[in-house]
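Coordinate inspection notes
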Amino acid sequence: MTTTTIKARSQGREATRPRGRAAWFVLPATALLLVFFFYPIATIVWRSLTEPDAGFGNYTALLHDGLSVKVLVRTLVTALIVAATTLVIAYPYAYAMTKVRPRTRAVLTVIVLLPFWTSLMARNFAWYMLEQRGGPIERFLGLIGFDGVVLLGTVAGVTVAMVQVMLPFMVLPLYSAMEQIDPRLLDAAGSLGAPRWRAFGRVYVPLSVPGMLSGFSLVFIMTLGFYITPALLGSPQNSLISQVISERVSKLLDFGGAGALGTVLLGVTLLVLFIVSRFGGPARALGGAVTHD
Amino acid sequence: MRRNIGIKTRAAAAGLAVTMVAACGIGNPSKKSDALTFVSTGSPFQDYQNKAWAEPFTAQTGVKVRNDGPTDEARIKTMVEARKVSWDVVDTSAAAAEQYCGKYLEKLDFSVIDKNVFPPDTVGDCGVPAYNYSLIFMYDKQKYKDNPPTKIGDFFDVQKYPGRRIVPPEIAVGLLEAALLGDGVQEKQLYPLDLNRAFRKLDPIKKSTTFAKTYGQQQQMMVDRQVDMSLVLSARAYQSLKAGAPFEPVFDKTVVNWDDLVVPKGAPNKEQAMKFIAFASRNDPSAKLAELASVQPINESIVPKYDPIQQRVNPFTPDRKQSIVRSNSQWWGKNFDEVTKRYTTWLAG
């Protein structure tokens, strides 16, 4: 009822009142987020400051427990490596997608999305089989002269699998940014005497930076909080932050300490978003990215 | 006259019952007392418990048993704090029963549960033992056929017995005890555990050891021969042998633990829960579970009819019994958090 009235009233005045209308449309989503996202997060932060004692005890304890800082750094480094590797692999792929005929492009898109439609668990178990002792990867590496390299249980093994899982999150934003680059700009550069590679480096790459930024930040942030892949393919010796949080909750029932770790992780994530938004404008940080999560 | 008194008494009883139901109903979503919710570690173990305990219990009392799981102390804590408890009987470690007694767990009603069927120092205020499980040292008999290990200490000796090892996902089931016993600590001096000494003993094997994330993983890695030596719980040892793992047990020192049955604080069907626990500790249900799940009954006078593979991993036979070292759940209840923190830090270091 109300919505119809509003619609009716705002008809014909769309240009003058876009904000008012938008506010109504975001209301359901905002309400949902408030109840199911911000309230729980506020609870977690509150508990991290009050359990077992009021104050910053949980946070200072993180600095001194000999584990959290080490694992946090390891997680950040892993996320950086995953995001960088994904970028290197995805860039030529996305570029190729803009160059081919529509039919081939559809095939390339499906290839990126196919793993996306497969269950994450199934993919992780597949990696488990590939990476385990005596598995295809070890045998292949043995053939080319690297004997006894077992990826399962190592950070490298987790990284490889996470790169594969994250690939669509890099390819799609890159593609959507590259698609908007006018190819005639390269021709113009050429007509002014730039060789192809320089035109690409000086004109094309800078224009694709927004896509790189959104893909990179998306992959980086998602990797920070990734649980299933490190839990399945990693090992306690190489645990990442999500595993440590999970253990705090499930084994120590230390909701305060786990909350502190989670809050730090959230802080790091927001910081990354902030830095990225400095470079590419706030909308660019996550803009142009796919809606999947 | 008599009839009148009868009516009055009945009326009073009915009134009392209504009051009680009403009282129970406050903050309690489920008022039905003809059912209870049982929580354990999930399939297949929980299926065995259902066959051995729940089905005959329902047949005898008419009380239905719903299943939920897996056991998760964090969830018990959350439910108790939110006063929305939906679990009635939970299978958990004896250490957890000790550690959370009175805080998140109800005191048991020993007018319903018979204390005397359990060994004396296994009964706590909040938990009674449900079954024993043993940490068995096993080795790949093909890998070590020329020089099979014979002592628990051999598990920690990478010089003499090189090879890949695997240990259980939980620290409280006997890894530290095995390390200390392997280092020559006498059984009587085992507790309080000398943590420094235990971790020193573990250091050399850390590199070649898989610290299993689940019991299923440990079992599978033995079957796939991804490891050469294993400290493994009897039920999982049985499953891997059954699946063809070429492993052989060593009965030098076998750490024996047990799980407790507990009732979360504010459980909706507390009375039925006590009856269920009492029922599960009887001889027939205990023996049945032991046979199905390949665990050992708490009451050692019960002799389950094990199949040949189960017999191979049963440390409670007369000739292997001397290897048994019992875990100290009181010590673990007090020190679980500290040990877990130290273990995690040691692992990630």
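Residues numbered from 1 in each chain as written. Chains lettered and ligands numbered in written order. Predicted model: local features only at pLDDT ≥ 70, side-chain atom pairs only at ≥ 80, totals over all residues.

1. A closer look at the overall build of chain B
- The helix and strand inventory of chain B stands at twelve helices and nine strands.
- In terms of principal-axis extent, the alpha carbons of chain B reach across some 90 × 40 × 35 Å.
- Taken across its 349 residues, chain B has 47% of its residues classed as buried.
- Restricting to contacts in chain B with at least 6 residues of sequence separation, those with at least 24 account for 74%. (Helix = DSSP H or I, 4+ residues; strand = E, 2+ residues; numbered from the N terminus. Buried ≥ 20, exposed ≤ 12 C-beta atoms within 10 Å, placed from the backbone. Contact = placed C-beta atoms within 7 Å.)

2. A look at helix α5 (residues 102-117) of chain A
Residue and element names in this part refer to chain A.
- Counted at 1.5 Å a residue, the expected span for α5 with its 16 residues is 22 Å, and the 22 Å between its end C-alpha atoms agrees.
- For α5, the principal kink sits at isoleucine 111 and spans about 30°; a proline, proline 115, occurs within the next four residues.
- With zero of 16 residues buried, α5 lies mostly on the surface of the structure. (Expected span 1.5 Å × (residues − 1). Bend = angle between axes of the 7 residues up to and from the residue.)

3. With respect to the interface of chain B and chain A
- Tallying the contact residues gives 14 residues for chain B and 19 residues for chain A.
- At the level of secondary structure, the elements contributing two or more residues to the side of chain B that touches chain A comprise α3 (73-82), β6 (209-211) and α12 (329-348) of chain B.
- The element contributing the most residues to the side of chain B that touches chain A is α12(B), with six residues.
- A breakdown of the residues in the side of chain B that touches chain A according to their chemical character gives four nonpolar, five polar and five charged. (Nonpolar A, V, L, I, M, F, W, Y, C, P; charged D, E, K, R; others polar.)

4. Considering the environment of Val165(A)
Residues and elements named next belong to chain A.
- With respect to the secondary-structure elements, valine 165 resides in helix α8 (residues 155-179).
- In this structure, the C-alpha to C-alpha distance between valine 165 and proline 115, residues 50 residues apart in sequence, is 7.5 Å.
- If we skip the residues at most four places from it in the chain, valine 165 touches Leu120, Arg123 and Thr229.

5. Description of helix α6 (residues 195-202) of chain B
Residues and elements named next belong to chain B.
- Residues of α6 that are buried: Ala198, Lys201 and Leu202. The arc that holds every buried residue of α6, seen down its axis, measures 100°, which confines them to one face. Opposite its buried face, α6 presents the exposed residues Asn196 and Arg200, each directed more than 90 degrees away.
- The inward-facing, buried residues of α6 abut α5 (175-182). (Arc of directions from axis to C-beta.)

6. A few points about the domain arrangement of chain B
Residues and elements named next belong to chain B.
- When its domains are assigned, chain B resolves into domain 1 (2-131 + 259-293) and domain 2 (133-257 + 315-348).
- Computed from C-alpha coordinates alone, the two centres of domain 1 and domain 2 are separated by 32 Å.
- Facing eight residues of domain 1, the contacting portion of domain 2 comprises nine residues.
- Considering every element that reaches the side of domain 1 that touches domain 2, the biggest residue donor is helix α4 (residues 94-99), with four residues.
- For the side of domain 1 that touches domain 2, the residue count by class is five nonpolar, two polar and one charged. (Domains from an automatic or database assignment.)

7. Brief notes about the packing of helix α4 (residues 68-99) of chain A against α8(A)
Residues and elements named next belong to chain A.
- Packing of α4 against α8 brings their axes to within 6 Å, and their N-to-C directions diverge by 40°. With respect to α8, the axis of α4 lies oblique. At the point where α4 passes α8, the crossing takes the right-handed sense.
- When the residues that make up the contact of α4 with α8 are grouped by side-chain class, the tally is 20 nonpolar, five polar and one charged. (Axes fitted to C-alpha atoms, helices over the stretch in contact; angles between N-to-C directions. Parallel < 35°, antiparallel > 145°, perpendicular 65-115°, else oblique. Left-handed = near helix turned anticlockwise from the far one by under 90°.)

8. Side note on the UniProt feature "domain: ABC transmembrane type-1" (unreviewed entry) in chain A
- With numbering matched to this structure, UniProt assigns "domain: ABC transmembrane type-1" (unreviewed entry) to residues 72-276 of chain A.
- Strand forms 0% of residues 72-276 of chain A and helix 80%; the C-alpha atoms that close the span are 20 Å apart. (UniProt positions renumbered as here; feature names shortened; annotations may be inferred.)

9. Regarding the packing of α5(B) against α6(B)
Residues and elements named next belong to chain B.
- Relative to each other, α5 and α6 sit at 85°, their axes nearing to 9 Å. Here α6 runs roughly perpendicular to α5, going by the angle between their axes. Between α5 and α6, the residues in contact are Leu176, Ala179, Leu180 and Gly182 and Arg197, Ala198, Lys201 and Leu202, respectively.
- Its residues assigned to classes, the contact of α5 with α6 shows five nonpolar, one polar and two charged.

10. Examining the pairing of strand β3 (residues 89-93) of chain B
All names here are of chain B.
- For β3, a buried count of five out of five residues is recorded, marking the element as mostly surrounded by other parts of the structure.
- By the bridge criterion, two bridges tie strand β1 (residues 35-39) to β3 in an arrangement that is parallel. Bridging from a neighbouring strand, phenylalanine 38 pairs with valine 89 of β3.
- Pairing of β3 with strand β8 (residues 247-262) involves four bridges; the strand directions are antiparallel. If you follow valine 90 over to β8, its bridge partner there is valine 262. (Pairing = 2+ DSSP bridges.)

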